[in-house]
Amino acid sequence: EAGAALDAVVAGLWLPAADGAALERVEALALSPESSRRWSRIPVDLPAPVTEAFRTGALVAVAGEEATARFPVLADVFARDGLRAVVALPLVVD
């Protein structure tokens, strides 16, 4: 629902895996089948917006060439899914 509320083209929610070594996707909106498989489990040390937000506890927002230069792993998903920007927000529950 959050993705639709924000008028996002693609949205996802990842939670820490039990082993702490990865983030596991629990929800996705409009990912291509290939991207859905690729981004279902993300090692926390992979340089990507969602893992950086998780590790730092800070918002990560990147667009265009800056996004793919800072996070080369995004190049294929940008091309395949038509993305132009990514915003990753860490959600903290007390």
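The structure displayed is predicted, hence computed values, not measured ones.

Asks: How would you summarise the confidence of the model for the chain if you had to cite specific residues and measurements?
Replies: Across the chain, pLDDT averages 81, with 84% of residues at or above 70. Helix α3 (residues 49–56) holds the highest mean pLDDT among the elements of the chain, 93, whereas helix α1 (residues 2–5) holds the lowest, 45. Segment residues 1–6: pLDDT under 50, and four contacts once partners within four positions in sequence are set aside and those in other chains are kept.

Asks: Residues and numbers for the pattern of salt bridges, please.
Replies: Overall, the coordinates contain three salt bridges when judged by the stated rule. Among the salt bridges present, the one from Glu24 reaches Arg41, with a minimum N-O distance of 2.7 Å. Note that Glu24 is positioned in strand β2 (residues 22–29) and Arg41 in strand β3 (residues 41–43), a separation of 17 residues in sequence. Between Arg70 and Glu52 there is a salt bridge; the shortest N-O distance is 2.5 Å. Highlighted residues: Arg70 in helix α4 (residues 64–70) and Glu52 in helix α3, separated in sequence by 18 residues. Classification of Arg70 by relative accessible area gives partly exposed; the value is 39%.

Asks: Describe the nonpolar core, with residues and values.
Replies: Trp39, Leu46, Leu74, Val77 and Phe78 are the most contacted members of the largest nonpolar core, which totals 19 residues. Setting aside residues no more than four positions away along its own chain, Trp39 makes contact with Trp14, Arg25, Leu46, Ala48, Val73, Leu74 and Val77.

Asks: Quick one: what's the story with the pairing of strand β4 (residues 60–63), residue by residue and with numbers?
Replies: The side-chain alternation of β4 yields one buried face, formed by Val60 and Val62, and one unburied face, formed by Ala61 and Ala63. Bridge count between β4 and strand β5 (residues 85–88): four bridges; the pairing is antiparallel. Within the sheet, the bridge partner assigned to Ala63 lies in β5 and is Ala85.

How each quantity is defined
Residues numbered from 1 in each chain as written. Predicted model: local features only at pLDDT ≥ 70, side-chain atom pairs only at ≥ 80, totals over all residues. Heavy atoms only, no water. pLDDT = per-residue confidence, 0-100. Helix = DSSP H or I, 4+ residues; strand = E, 2+ residues; numbered from the N terminus. Contact = heavy atoms within 4.5 Å. Salt bridge = Lys/Arg side-chain N within 4 Å of Asp/Glu carboxyl O. Buried < 20%, exposed > 50% of the residue type's maximum accessible area, 1.4 Å probe, protein only. Core = buried A, V, L, I, M, F, W, Y, C linked by side-chain atoms within 4.5 Å. Pairing = 2+ DSSP bridges.

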